[in-house]
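Observations on chain architecture
Listed below, chain by chain, are the residues.
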Amino acid sequence: MEHPSRVLFLIIAGGMALSGSQAPEPPEQAARHDTVAAVPLPPPFLVGPTPWADSVLATLSLEEQIAQLMMVAAYSNKNAKHEAELEELVRHQNIGGLIFFQGGPVRQARLTERLQQVAKTPLLLGMDLEWGLSMRLDSTLRFPRQMALGAHRDEALIEAMGLEIARQMQRIGVHVSFSPVVDVNNNPRNPVINDRSFGEDRANVTRKGIAYMRGLQAGGVLAVAKHFPGHGDVESDSHHTLPFIGHPRPRLDSLELWPFREMTGAGLSAVMVAHLEVAALDSTKGLPSTLSKPIINGLLLGDLGFQGLVFTDALNMKGVADAEKPGEIELRALLAGNDVMLFPQDPIKAIARIKKAVANGEVDSARIAHSCLKILRAKEWAGLARRVPMVLNGIADDMDNAEARSLRRNLYDASITVVNDHHGLLPLRGSTLPKAERIASLVIGDRQDNTFQRALKRHAEVATFSCDKAIGMDALQKLLKELEPFDRVIVSVHGTTWRGAKEYGIPETAFDIVRAVAARKRTVYVHFANPYRLSKAHGPQLMATTVVAYEETDDAMEAVADVIFGATGSSGRLPVTASAMFRSGDGLALRPIGRLRHGPPEAVGIRSAMLAPIDNIALEGIASKAYPGCQVVVVLEGQVIVDRTYGHHTYDGTRPVRNDDIYDLASITKVAATTLALMKLVDEGTVAVNDPLGQHLPELEKSHPKHARMTIRDILTHQAGLKAFVPFHTRIRKNGGFKPGLVSDTRSDEFPIRMAEGLYLNHAYTDSLLRWVLDTPLNDKGDYLYSDMGYYLLQAIVERHAGMPLERYVEEHFYRPMGAVTLGYRPLERFPKDRIAPTENDTLFRERLIQGDVHDPGAAMKGGVAGHAGLFGSAYDLAKVMWMLVEGGTYGGHRYFSEATVKEFTKCQFCKPDGSGNRRALGFDRPVSGGKGPTCDCVSFASFGHTGFTGTMAWADPESRVVYVFLSNRVHPDAEPNKLVKSGIRTRIQEVVHAAVAGRVVVEALPMVGR
């Protein structure tokens, strides 16, 4: 049998990997879940012998047996007096348990340990944990509320959530979770249940409730279904008054009672009884169901056949507290059939009153013993018979681990619901050919570039705007004018709340703004709030696209961004009816189109701890001054599992490296620009790799016949006989300075070529470098010698056939369609200088610090655009290009070239059977065994990539389906010594990555996820 934690990890990994990939369940399959079991199953704690419970019962006095029925309120954020009072109750009254409320996990664990140590009979501890420990405790993970879970199409993730919550509860010694809520919420005005319910469909609520229950109970925690006999159709809050339900019995049987009946059949541990007046079940006017014998003893225990523990709802709530005084309430609750009196107002009075009732014959002592034994059996099942002291160290880390975070993200992914998409806008494809689609994001009620907008900008070029929830007409008109140039606008409202009385945080003034934008533009409206808010909101149903995310969390915002751009699919269905246009069950199934998605390593079967050594290695490089800072991105199976930054732009530590910062990619330009362009020309049949240069540059036939006979294949594999490097920049310097008349400190028609800030080269040198390349003597053809020179020539071929500069060609055909916004030449024309990491303090050529201008001198003399250098970008965007190659030439639903072209360009061209020979592919570098090449020995021989002089590396392995990108500015402030190469930082990180991939869980074989 699999260990529960491993089962959870498998579920997380499998669910994340397949998120959005399956078609929705057909109605006839969904209907099969409507009835779970006809014969009630006993709860797990009543199965099998319980010698400890039987023996403990025999030692308890009548007063102690009564005390076992009490579960008293406890807080870990109160004072010493409160803790002393609790200890007094435990030590001298031998109460049965505690229900913990606000506090923190470590504080609660300490208090729990203190009280358990003085307890004669171990305490049964419970908590309200509907969306995890964060419902009551700080510093803990918050899972989605149940309405968001109600949108799911598969219950496996909800079961996994129950298992994870149970693990966290066990860690701090809690045994009872007052969840799930299985009220069928069919009243949008319900002030107390609402989004705590799985929805309005009884079958959906039942399936989700059973899944949650099974997860909790598999983790050794008692699940408590609430609020019997059904709190979903009320318009008042039982915390403050007694709600009335007037529906007839047939309606209650077919709706409210349905989940409780089915969960009883599935082996439910416990039920909580609500404070409701239900006339059809008990005609006693003003009597709360908590105190009703016909409802509990007759219906729950009798008709439904429930055998588990019966908890009252909190007895301090106004819905029941006004019925009787303390002591009398607990007695009447016991007589009605409850086993556990939750939150008694005065437990000592309650114990005394029930003891008196036994003495005067109002209560049979056997009735007390019956409930007490059930409680003791539950304690034995929960492990209290063999309780050991808790280990308090490490609790905080155990409450917030990578597997739990991965599961939480997966839960939000599965909930995203596309309720309409009238024009088929989703997924947005961004700037695809032949027409560039301009996209804007407007956030209402939050700052610009919030989490949602940052997530959107990972996928495409998105202009960002923001405004308040209420703005004047002038401001609105100004905003609309600013949005006018855009083809698509993504509008979202933020600062939402779960409170219906506050319009869920979306006032009508905010919808006025949404409607004004949607009237002019095809709008994607994202609703980060309760779908009931749409019931009174005119307009969303008329918008081009409406997406419901249910909650406003970072995970929900990132999940929506992934759906909008097709990094993931969507399969969510509305669990409630918001209006005639938005009905329960509505939701479109969208499939992913192959963009990179951001998520934890657990999503693809890797534990985060396996990648932790990357941090130490990267920081070691900074400490040794191999580089001041770096970016590391790792992609596995299309999932970005590492996107980390370290250090600063410079050693003075003033500007930390960010994920969207831009680095000089140096020689990676060869493969990420020039080679891509050639691949496209080859794919189109314009160029063939065996073509001689003279076929495309015919002027060479007379002027440079040897060059004319060079083939493109030989140039790309560095065996055409070209010199490795020629210091062209020395030709414009003399006696320690620039030759007169060649440079200027200002741009002009005469000096248009920018080499650095305040340094412009004379226009006469526009074509000089190509001529100098051709005039440089050649080596013997066929000998491998890595060279920049051939890429001057290849650039000329690309530009001649493309009819445009190389920089524009690669931007239009690759970077813009991919949403690789940061990739490109001459970044200062598009980005602020502080986003670009500086390179060398160039004392030999340009005599200044280089920042935003290409580091390579030859590329600088070409104005920053060269075939071998000049490309800038972030690691994340470069990873998109490399992943496109792993995928055989496709990305984001667009094919850039054929799979055959990718295979030809990325395979070794002249490898010999014994492993010798030229290792190069066409443009791309290849691995060499024995640690002599650019990679570790851990990569496959099908892998390919390139490195750069500035401290960069991009490598793709199609066999393991891994992309690894490392960017640094190791040449800052000096290019030598090259500590990065000597320390092997890049390859050591690569070793960690591939070791983690080798040890991953294979998620494709999971039978229960994505069915």
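Residues numbered from 1 in each chain as written. Predicted model: local features only at pLDDT ≥ 70, side-chain atom pairs only at ≥ 80, totals over all residues. Heavy atoms only, no water.

1. Things to note about empty space enclosed by the protein
Under the definition given, this model contains four cavities of 30 Å³ or more. Taken as a whole, the second largest cavity holds about 50 Å³ of empty space. In terms of lining residues, the second largest cavity is bounded by I715, H718, Q719, A720, G721, L722, D783, L785, S787 and G790. Partitioned by chemical class, the residues of the lining of the second largest cavity number four nonpolar, five polar and one charged. (1 Å grid on protein atoms, 1.4 Å probe; cavity = no way out; pocket = protein on both sides within 12 Å on 5 of 7 lines; lining within 4 Å. Points joined across faces, edges and corners; volume = space filled by probe spheres on them. Nonpolar A, V, L, I, M, F, W, Y, C, P; charged D, E, K, R; others polar.)

2. So, the packing of helix α5 (residues 80-93) against helix α6 (residues 105-118)
At their nearest, the axes of α5 and α6 sit 9 Å apart, and the two run at 30° to each other. Taken as axis vectors, α5 and α6 run roughly parallel relative to one another. As for how α5 packs across α6, the hand of that crossing is right-handed. Counted together, E83, A84, L86, E87, V90 and R91 of α5 and L111, R114, L115 and V118 of α6 form the full contact between these two elements. (Axes fitted to C-alpha atoms, helices over the stretch in contact; angles between N-to-C directions. Helix = DSSP H or I, 4+ residues; strand = E, 2+ residues; numbered from the N terminus. Parallel < 35°, antiparallel > 145°, perpendicular 65-115°, else oblique. Left-handed = near helix turned anticlockwise from the far one by under 90°. Contact = heavy atoms within 4.5 Å.)

3. What about the pattern of salt bridges?
Scanning the entire structure with this criterion turns up 68 salt bridges. Between E637 and R961 there is a salt bridge, with its nearest N and O atoms 2.8 Å apart. Here R961 lies in the loop between β35 (952-957) and β36 (962-968) and E637 lies in the loop between β18 (629-636) and β19 (639-647), a separation of 324 residues in the sequence. We classify E637 as partly exposed; its relative accessible area is 30%. Classification of R961 by relative accessible area gives partly exposed; the value is 23%. With its nearest N and O atoms 3.4 Å apart, the salt bridge here joins R658 to D660. The structure contains a network of salt bridges with shared partners spanning R409, D413, R458, E558, D562 and R597. (Salt bridge = Lys/Arg side-chain N within 4 Å of Asp/Glu carboxyl O. Buried < 20%, exposed > 50% of the residue type's maximum accessible area, 1.4 Å probe, protein only.)

4. With respect to the sheet that holds strand β16 (residues 545-548)
With mixed pairing, six strands are arranged side by side in an open sheet as β11-β16-β15-β14-β12-β13. Edge positions in the open sheet fall to β11 (417-421) and β13 (462-467), since each of these has one partner strand only. Across the sheet, the axes of successive neighbouring strands diverge by a mean angle of 15°, strand direction being ignored. Pairing between strand β12 (residues 439-444) and strand β14 (residues 488-493): six bridges, direction parallel. Its bridge partner being in β14, S441 is matched across the sheet by I490. (Pairing = 2+ DSSP bridges.)

5. Observations regarding the state of the cysteines
In the structure shown here, the tally under the stated rule is two disulfides. The disulfide partner of C908 is C911, and the S-S distance across this bridge is 1.7 Å. The sign of the 95° torsion about the S-S bond sets the C908-C911 disulfide as right-handed. Classification of C911 as partly exposed rests on a relative accessible area of 46%. Here C936 connects covalently by a disulfide to C938, the sulfurs 1.8 Å from one another. Between C936 and C938 the sulfur-sulfur dihedral comes to about -55°; the bridge is accordingly left-handed. Should the bonded cysteines of the protein be numbered as they appear in the sequence, the pairing reads 1-2, 3-4. (Disulfide = S-S within 2.5 Å.)

6. With respect to helix α11 (residues 258-265)
The periodicity of an α-helix, 3.6 residues per turn, causes residues three or four places apart in sequence to face the same way. Counting buried positions along α11 gives seven out of eight residues, so the element sits mostly inside the fold. Inspection of α11 places W258, P259, F260, E262, M263, T264 and G265 among the buried residues, and these make up the whole buried set. Considering only its buried residues, α11 is in contact with α9 (202-218), β5 (222-228) and α10 (249-254). Immediately beyond the C-terminal end of α11, within one or two residues, lies G267, with a positive phi of roughly 90°.

7. Side note on the sheet that holds β35
Strand order in the open sheet made by the six strands is β17-β19-β18-β36-β35-β34, with mixed pairing throughout. Unpaired on one side and paired on the other, β17 (597-598) and β34 (944-948) mark the two borders of the sheet. Where β18 lies against β36, seven bridges are found, and the strand directions are antiparallel. In the strand pairing of β36, Q631 is matched with L967. Contacts between helix α34 (residues 875-886) and the sheet are confined to β17, β18, β19, β34, β35 and β36, with β36 contributing the most and set at about 150° to the helix.

8. Focus: the packing of aromatic side chains
By the definition in use, this model includes 15 aromatic pairs. Considering the side-chain rings of F728 and W772, the 5.7 Å spacing of their centres and the 35° angle between planes classify their relative orientation as tilted. Residue F728 is found in the loop between α29 (712-716) and β21 (733-734), and its partner W772 is found in helix α30 (residues 768-775); the two are separated by 44 residues along the sequence. Look at F728 and you get buried, because its relative accessible area is 1%. Taking relative accessible area as the criterion, W772 reaches 9% and is therefore assigned buried. Its end group placed over the ring of W131, R145 keeps NZ or CZ at 4.0 Å from the ring centre. Seen from the ring of F486, R438 lies directly overhead, with NZ or CZ sitting 4.6 Å from the centre. (Phe/Tyr/Trp six-rings, centres within 6.5 Å; stacked < 30°, edge-to-face > 60°. Lys NZ or Arg CZ within 6 Å of the ring centre and 35° of its normal.)

9. What to know about the pairing of strand β24 (residues 753-756)
As judged from the three bridges shared by β24 and strand β25 (residues 759-761), these two strands associate in the antiparallel manner. Note that in β25 the partner of A756 across the bridge is L759. Joining the antiparallel neighbours β24 and β25 is a turn of two residues, in which G758 adopts a positive phi near 75°.

10. Observations concerning unusual backbone geometry
Cis rather than trans, the peptide bond between K226 and H227 has omega equal to 5°. Note on placement: H227 falls in strand β5. The peptide bond linking E976 to P977 adopts the cis configuration, its omega dihedral lying at 0°. Looking at the element boundaries, P977 is found in the loop between β36 and α36 (979-983). For S139, which is not a glycine, the phi torsion comes out positive at approximately 60°. The backbone of E637 shows a phi angle near 55°, a positive value even though the residue is not glycine.

11. Regarding the confidence of the model for the protein
Here the protein averages 92 in pLDDT, and 94% of its residues register 70 or above. In this model residues 1003-1011 is a low-confidence stretch, pLDDT under 50, and it forms 21 contacts with partners more than four residues away in sequence or in other chains. (pLDDT = per-residue confidence, 0-100.)

12. Things to note about the packing of helix α25 (residues 668-683) against α34
At a minimum axis separation of 12 Å, α25 and α34 run at an interaxial angle of 45°. Here α25 is positioned oblique relative to α34, judged by the angle of their axes. Once α25 is placed against α34, the crossing between them reads as left-handed. Every residue of α34 that contacts α25 at I668, A672, L676 and M679 is listed here: L878, V881, M884 and L885. Looking at the contact of α25 with α34 residue by residue, the classes come out as eight nonpolar, no polar and no charged.

13. Quick notes on the environment of L885
Examined against the element boundaries, L885 turns out to sit in helix α34. Assessed through its relative accessible area of 4%, L885 is described here as buried. Placed 72 residues apart in sequence, L885 and D957 show a C-alpha to C-alpha distance of 9.6 Å. Apart from residues lying up to four places away in sequence, L885 is in contact with L676, M679, F897, V902, F924 and F944.

14. Side note on helix α35 (residues 899-906)
Inspection of α35 places T901, V902, F905 and T906 among the buried residues, and these make up the whole buried set. Around the axis of α35, the buried residues are gathered within 115° of arc, so they sit on the same side. Projecting away from the buried face of α35 at angles above 90 degrees are the exposed residues A900 and K903. (Arc of directions from axis to C-beta.)

15. Things to note about the side chain of D714
Locating D714 in the fold gives a position in helix α29. Apart from residues no more than four positions distant in its own chain, D714 is found in contact with Q719, A720, K781 and F910.

16. Examining the pairing of β14
Among the six residues of β14, six are classified as buried, and the element is accordingly described as predominantly covered. Residues R488, I490 and S492 line one face of β14 and the alternating positions V489, V491 and V493 line the opposite face, and both faces are buried. Direction of pairing for β14 relative to strand β15 (residues 522-527): parallel, over a ladder of six bridges. Bridging from a neighbouring strand, S492 pairs with V526 of β15. Once you follow β14 into helix α21 (residues 508-518) and on to β15, the crossover reads as right-handed. (Right-handed = clockwise from strand over helix to strand, strands pointing away.)

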